[in-house]
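Inside the fold
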Amino acid sequence: MKTSRLEIKEHYPLKELTTFNIGGPARYFAVITTEDEAQEALSFAAKYSADLFILGGGSNILISDDGFPGLVILNRIKGLAHRIHNEKVTVTAGAGEDWDAFTKLCVDNNWQGAECLSGVPGTVGAAPVQNIGAYGQSADDIVDEVHAFDARTGEKTLFTKETCRFAYRKSIFNSTAAGRYLITRVAFTLNRNAPPHITYHDLKNHFAGATGVTLSQVREAVLTIRNTKGLLVLDGYDRLKSAGSFFKNPIISSEHYEHLKAALRNTESPQNWAWPQASGEVKVSAAFLIQSAGFMRGYRKGNVGISPRHTLAIVNYDAATAEEVIVFARRVQERVKGEFGILLAPEVQLIGKTPPLLQS
């Protein structure tokens with residue numbers, strides 16, 4: 001099936017386009033490389049009243065075994081440009097650019113602000129959607145503008161940092177306006193010739209006693225640490241079939257935290273598993289809760305299990321289905337909730353018709 005600019009494929013298999021390697025076909029599928037093609041794809045979706053899903057690097061998602069009943073758009077819009085203004089630089093990148101390649105570009109040019117986000121899988125367009133974060137940095141630290149098409153009207157829309165409504169692993173694009181906008185490019189503002197961001201405990205330990213640490217050294221340290229946790233999907237590194245961190249780190253009240261700490265006082269715990277928030281609440285390690293509930297690294301049930309390297313990642317060990325992953329994830333949720341009174345919220349986005357996870 002062809003439009004004037006774009007080839008629309010039918011019943012297109014999606015599993016090979018995801019890091020989980022799971023999922024059925026898309027009813028309709030198109031690859032876009034320009035804004036004109038993006039508009040054409042949106043017009044097609046409107047014409048056929050097709051639901052829309054924008055696919056980037058295929059990480060952080062679990063696609064239903066039945067696939068997706070609407071139009072899946074694989075966003076491959078490229079392009080890089082930068083503008084220097086005093087000690088700042090604004091870098092604009094196409095939504096289809098590889099995220100890790102973007103962080104490497106910043107590091108290589110001594111532009112500070114994205115070095116701790118090295119190795120995060122996916123594309124530039126996904127960064128503001130999930131408000132990706134790692135090792136003390138997050139997308140909302142550097143996002144300046146997000147350019148997108150409104151799927152309802154076909155019109156171009158500009159979002160500022162404020163109108164993106166960023167929160168922990170959250171934005172307007174994955175909450176109140178999920179599925180409405182097709183992001184075409186993102187502008188980031190970074191610092192020129194500034195020292196690297198070293199606040200996260202893993203990085204502090206890695207560079208303990210070191211002076212004059214460079215952005216490149218931080219990037220390499222982050223890649224090394226992520227690799228030990230099995231969270232890299234880059235060439236040259238070990239790859240596990242997962243979507244990365246399956247659950248978010250929960251934020252609980254200080255009172256709940258004190259009860260939790262008392263309940264876990266006899267448990268062998270990592271050095272850092274809780275982080276006080278400015279609100280007075282406490283963010284706690286979902287990985288530690290999962291492990292404390294009895295799901296150790298490498299635990300497996302059939303085709304699905306916990307990563308042998310990090311308890312926060314659920315792994316497709318052997319041709320698992322989406323339903324098997326959901327069943328396993330619900331068992332984890334139920335055990336953690338039953339033991340600690342905390343319902344873990346998924347960080348992974350469920351696409352298509354999937355069995356539900358537990359609701360709060």
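About the cut-offs
- Residues numbered from 1 in each chain as written.
- Predicted model: local features only at pLDDT ≥ 70, side-chain atom pairs only at ≥ 80, totals over all residues.
- Heavy atoms only, no water.
- Helix = DSSP H or I, 4+ residues; strand = E, 2+ residues; numbered from the N terminus.
- Rg over C-alpha atoms; globule rule 2.2 N^0.38 Å.
- Buried < 20%, exposed > 50% of the residue type's maximum accessible area, 1.4 Å probe, protein only.
- Areas by Shrake-Rupley, 256 points an atom, 1.4 Å probe, with all protein chains shown as cover.
- Lys, Arg positive; Asp, Glu negative; His and termini not counted.
- Charge placed at Lys NZ, Arg CZ, Asp CG, Glu CD.
- Salt bridge = Lys/Arg side-chain N within 4 Å of Asp/Glu carboxyl O.
- Disulfide = S-S within 2.5 Å.
- Pairing = 2+ DSSP bridges.
- Contact = heavy atoms within 4.5 Å.
- Axes fitted to C-alpha atoms, helices over the stretch in contact; angles between N-to-C directions.
- Core = buried A, V, L, I, M, F, W, Y, C linked by side-chain atoms within 4.5 Å.
- Expected span 1.5 Å × (residues − 1).
- Parallel < 35°, antiparallel > 145°, perpendicular 65-115°, else oblique.
- Left-handed = near helix turned anticlockwise from the far one by under 90°.
- Nonpolar A, V, L, I, M, F, W, Y, C, P; charged D, E, K, R; others polar.

1. Notes on the overall build of the protein chain
A tally of helices and strands in the protein chain yields 8 helices and 21 strands. Here the C-alpha atoms of the protein chain give a radius of gyration of 21 Å, agreeing with the 21 Å that 2.2 N^0.38 yields for 360 residues. Structurally, the protein chain occupies a C-alpha span of about 65 × 50 × 40 Å along its principal axes. Expressed as a percentage of the 360 residues in the protein chain, the buried residues total 49%. Split by element, the accessible area of the protein chain, about 16600 Å² in all, is 46% carbon and sulfur. With 39 positive and 37 negative side-chain charges, the protein chain shows a spacing of 2 Å between the two charge centroids.

2. Let's talk about the pattern of salt bridges
Overall, the coordinates contain 9 salt bridges when judged by the stated rule. Among the salt bridges present, the one from Arg169 reaches Glu347, with a minimum N-O distance of 3.8 Å. In this pair, Arg169 is assigned in the loop between strand 12 (156-160) and strand 13 (181-192) and Glu347 in the loop between helix 8 (322-340) and strand 21 (349-351), connecting sequence segments 178 residues apart. Take Arg169: its relative accessible area is 15%, and that puts it in the buried class. Take Glu347: its relative accessible area is 17%, and that puts it in the buried class. Through salt bridges with shared partners, a single network forms among Glu35, Lys156 and Arg185.

3. What about the state of the cysteines?
Enumeration over the complete set of coordinates arrives at 0 disulfides. Looking at Cys106, it has no disulfide partner, and the nearest cysteine sulfur is the one in Cys116, 12 Å off. When its relative accessible area of 0% is taken as the criterion, Cys116 is described as buried.

4. Side note on the sheet that holds strand 20 (residues 313-316)
The strands making up a sheet are joined through hydrogen bonds of the backbone, oriented either antiparallel or parallel. Pairing in this open sheet of 4 strands is antiparallel, and the strands run 14-20-19-18 from one edge to the other. Each edge of the open sheet carries a strand with a single partner, namely strand 14 (242-245) and strand 18 (300-301). Relative to strand 20, strand 14 runs antiparallel, the two being bridged by 2 bridges. When the sheet's bridge partners are listed, Ser242 is paired in strand 20 with Val315. On the sheet, helix 8 packs against strand 18, strand 19 (304-306) and strand 20 and is oriented at approximately 40° with respect to strand 19.

5. Quick look at the nonpolar core
Counting residues in each nonpolar core, the largest one holds 41 residues, and the members touching the most others are Trp99, Phe173, Phe188 and Leu203. Every element with two or more residues in this core is listed here: strand 7 (88-94), helix 2 (99-108), helix 3 (126-130), strand 11 (143-150), strand 13 and helix 5 (215-228). Per-element tally for this core: the top contributor is strand 13, with 5 residues. Core analysis: the second largest hydrophobic core is formed by 38 residues, Phe247, Ala287, Phe288 and Ile306 among them.

6. Structural notes on the side chain of Ser118
Residue position: Ser118 is located in the loop between strand 8 (111-112) and helix 3. Setting aside residues no more than four positions away along its own chain, Ser118 makes contact with Asp100, Thr103, Arg219, Val222, Leu223 and Arg226.

7. Brief notes about the environment of Leu55
Looking at the secondary structure, you find Leu55 in strand 3 (residues 52-55). Spatially, the C-alpha atoms of Leu55 and Ile73 are 5.9 Å apart, while their sequence positions differ by 18 residues. The contact partners of Leu55, leaving out residues within four places of it in the chain, are Leu17, Ile61, Val72, Ile73, Leu74, Asn75 and Arg76.

8. Description of helix 1 (residues 35-47)
Spanning 13 residues, helix 1 covers 18 Å between terminal C-alpha atoms, matching the ideal 18 Å at 1.5 Å per step. Listed in full, the buried residues belonging to helix 1 are Glu37, Ala38, Glu40, Ala41, Leu42, Phe44 and Ala45. Against strand 2 (25-32), strand 3, strand 5 (68-75), strand 11 and strand 13 lie the buried residues of helix 1. The first or second residue beyond helix 1 is Ser49, which carries a positive phi of 50°.

9. Remarks on the environment of Leu203
Looking at where Leu203 falls in the secondary structure, it is placed in helix 4 (residues 201-206). We classify Leu203 as buried; its relative accessible area is 0%. Through-space distance from the C-alpha of Leu203 to that of Trp273 is 15 Å; in sequence the pair is 70 residues apart.

10. Quick notes on the packing of helix 2 against helix 5
One way to put it is that helix 2 packs onto helix 5 with a least axis distance of 9 Å and a crossing angle of 155°. Of the possible angle classes, the one that applies to helix 2 and helix 5 is roughly antiparallel. Taken as a pair, helix 2 and helix 5 cross one another with a handedness that is left-handed. In contact with Asp100, Thr103, Lys104 and Val107 of helix 2, helix 5 contributes Leu215, Ser216, Arg219 and Leu223. Looking at side-chain class alone, the contact of helix 2 with helix 5 contains 3 nonpolar, 2 polar and 3 charged residues.

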